[in-house]
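Architecture and fold: a report
These are the residues of each chain, in order.
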Amino acid sequence: MDAFETALVRLLPRLRRFAHGLTRDAADADDLTQRAAERALKARGQWQPGTNFDAWAYRILRNLWIDTARHRQRRDKVIAPAEQAENVGGPGEAEAAAERLFLMRAMDRLPDEQREAVALVMIEGLSYAEAAQVVEVPEGTLTSRLVRGRQALTRLLSGGE
Amino acid sequence: MAEPIDEAMVVAWVDGELPATEAARIEQAVAADPLLRELADTHRAMRARFAAAFGPIANEPVTLPSADLILFAEARAKRLRRLWVPAAIAASLVVGLFIGQIGQPTGVRDRADALALAAPLAHALDTQLSGEAGRVRVALSFRAQDGAYCRSFTAAHLGGVACRTGDGWSLRYAARGTTQRGAYTQAGDDPARASAIAAMIAGEPLDAAGERTARARGWR
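About the criteria used
- Residues numbered from 1 in each chain as written.
- Chains lettered and ligands numbered in written order.
- Predicted model: local features only at pLDDT ≥ 70, side-chain atom pairs only at ≥ 80, totals over all residues.
- Pairing = 2+ DSSP bridges.
- Helix = DSSP H or I, 4+ residues; strand = E, 2+ residues; numbered from the N terminus.
- Axes fitted to C-alpha atoms, helices over the stretch in contact; angles between N-to-C directions.
- Parallel < 35°, antiparallel > 145°, perpendicular 65-115°, else oblique.
- Left-handed = near helix turned anticlockwise from the far one by under 90°.
- Contact = placed C-beta atoms within 7 Å.
- Nonpolar A, V, L, I, M, F, W, Y, C, P; charged D, E, K, R; others polar.
- Buried ≥ 20, exposed ≤ 12 C-beta atoms within 10 Å, placed from the backbone.
- Core = buried A, V, L, I, M, F, W, Y, C linked by C-beta atoms within 7 Å.

Quick notes on the sheet that holds strand S3 (residues 158–165) of chain B
Residue and element names in this part refer to chain B. One open sheet holds the 4 strands; their spatial order is S1-S2-S3-S4, and the pairing between them is antiparallel. What marks the edges here is a single partner per strand, and that holds for strand S1 (137–143) and strand S4 (168–176). Mean inter-strand twist for the sheet, computed between neighbouring axes without regard to direction, equals 20 degrees. Where S1 meets strand S2 (residues 149–154), 6 bridges bridge the pair, whose relative direction is antiparallel.

Written as structure tokens, this is what we have:
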């Protein structure tokens, strides 16, 4: 593997985590991650060494998801999410999966732009500046989406509407 | 006096995004005001909750997609199929078959079942999902234009494309295995195989859900 592939392989688990935040579905997240990795490999000539590789790769996955979601909306998705059980492995894993599912259902209620801001900062731990780079908006725009997303989540998670 | 403190500033403070002087100012205000403190605690707890719930996902390994998928997409983009043998013929042909060693009389025989795959290979094609580790690695699954399920694979000495026919898997394309590289070596790196897939395929390669469904039906 060359340096590019090494960087991509190292980042893939985090890209897949971000995909969980965006898609709120384990199977969709796996699929999106694979497609984003393909696209990154094919588009490797477009990455400029010295620029932020992580932000570049996150951006690829995020833009791919926007295309997918738009396409799906047209098809009017009514299929219930199938494989939500996820892998139930070690002790506590079932509880962890249930907790994740609960948070994903809350994220379902957010507008797309707030959801992606929440996923990038609260799940991925990106700085505001990095998150703004991924979404390609000014930092102030990103932070106001983030704050509104968090306000909505606070209401949702405390049982209110 | 500095500007009043709003929720956005508390959130930025919780997220560690403020310069030191500003952070100190918020910290003091939060310490002095129970309502601000409650707000800060709520945001800090929520961030920790998301991080804890999603964090473990990043510990699960993910492999790069197979080279077949990438080469296949490129091959199709270049419209290589136009240069290819018409699909109906291609599907019944074996392209570039190099099994056994040159000079030894152990080649493929002219028999109806000559290209049926041996049990361990067939078993892997029956059961493994694409990308799973093993002595045999399956790279890509798709439906051929004749309706059969086909899968590309790499084993220790042989790589190829096999399609489900009748009771077993028969080889449609094969090439001698190349030298092994790192654990993340993408199965194949064989542009001719990608072209063969591009010539045979109907529609898109199966995604993970499609593969599971096809496997559950025994690839029929």
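After that view of the structure, there is still more to cover.
Structural notes on the packing of helix H1 (residues 3–23) of chain A against helix H2 (residues 26–42) of chain A
All names here are of chain A. Packing of H1 against H2 brings their axes to within 8 Å, and their N-to-C directions diverge by 135 degrees. As far as their axial angle goes, H2 and H1 are oblique. Along this stretch, H1 crosses H2, giving a crossing that reads as right-handed. Within the contact between the two elements, H1 uses Leu-8, Leu-12, Leu-15, Arg-16, Ala-19, His-20 and Thr-23 and H2 uses Ala-26, Asp-28, Ala-29, Asp-30, Leu-32, Thr-33, Ala-36, Ala-37 and Ala-40. In the contact of H1 with H2, the residues fall into 10 nonpolar, 3 polar and 3 charged.

Remarks on the interface of chain A and chain B
Accessible area lost during the coming together of the parts is what is often quoted as the interface size. Tallying the contact residues gives 36 residues for chain A and 30 residues for chain B. Mapped by element, the contributors of at least two residues to the side of chain A that touches chain B are H1, H2, helix H4 (93–108), helix H5 (112–123) and helix H7 (139–157) of chain A. Among the elements that take part in the side of chain A that touches chain B, H1 of chain A stands out by supplying 10 residues, more than any other. Class assignment of the residues belonging to the side of chain A that touches chain B gives a composition of 17 nonpolar, 8 polar and 11 charged.

A word on unusual backbone geometry
Backbone geometry at Glu-136 of chain A places phi at a positive 60 degrees, although glycine is not the residue there. If you trace the backbone, Glu-136 of chain A turns up in the loop between helix H6 (128–135) and H7. Residue Glu-136 of chain A is classed as exposed on the basis of its C-beta count, with 12 C-beta atoms lying within 10 Å. Of note in the backbone geometry, Trp-219 of chain B takes a positive phi value of approximately 60 degrees without being a glycine. Tracing the chain through its elements places Trp-219 of chain B in the segment after helix H8 (208–216).

Considering the nonpolar core
Taken as a class, soluble globular proteins show a tendency for nonpolar side chains to be buried jointly. Formed by 54 residues in total, the largest nonpolar core has its most connected members in Leu-15, Phe-18, Ala-57, Leu-61, Val-118, Val-121 and Ala-131 of chain A. The contact partners of Val-118 of chain A, leaving out residues within four places of it in the chain, are Met-107, Leu-110, Leu-146, Gly-149, Arg-150 and Leu-153 of chain A. Ala-139, Cys-150, Tyr-173 and Ala-198 of chain B belong to the second-largest nonpolar core, a separate cluster that totals 31 residues.

Observations regarding the packing of H5 of chain A against H7 of chain A
All names here are of chain A. Running from amino to carboxyl end, H5 crosses H7 at an angle of 95 degrees, the nearest separation of the two axes being 8 Å. Judged by the angle between their axes, H5 and H7 are roughly perpendicular. Where H5 abuts H7, its residues Glu-113, Gln-114, Arg-115, Ala-117, Val-118 and Val-121 lie against Leu-142, Arg-145, Leu-146, Arg-148, Gly-149, Arg-150, Ala-152 and Leu-153. Grouping the constituent residues of the contact of H5 with H7 by class yields 7 nonpolar, 2 polar and 5 charged.

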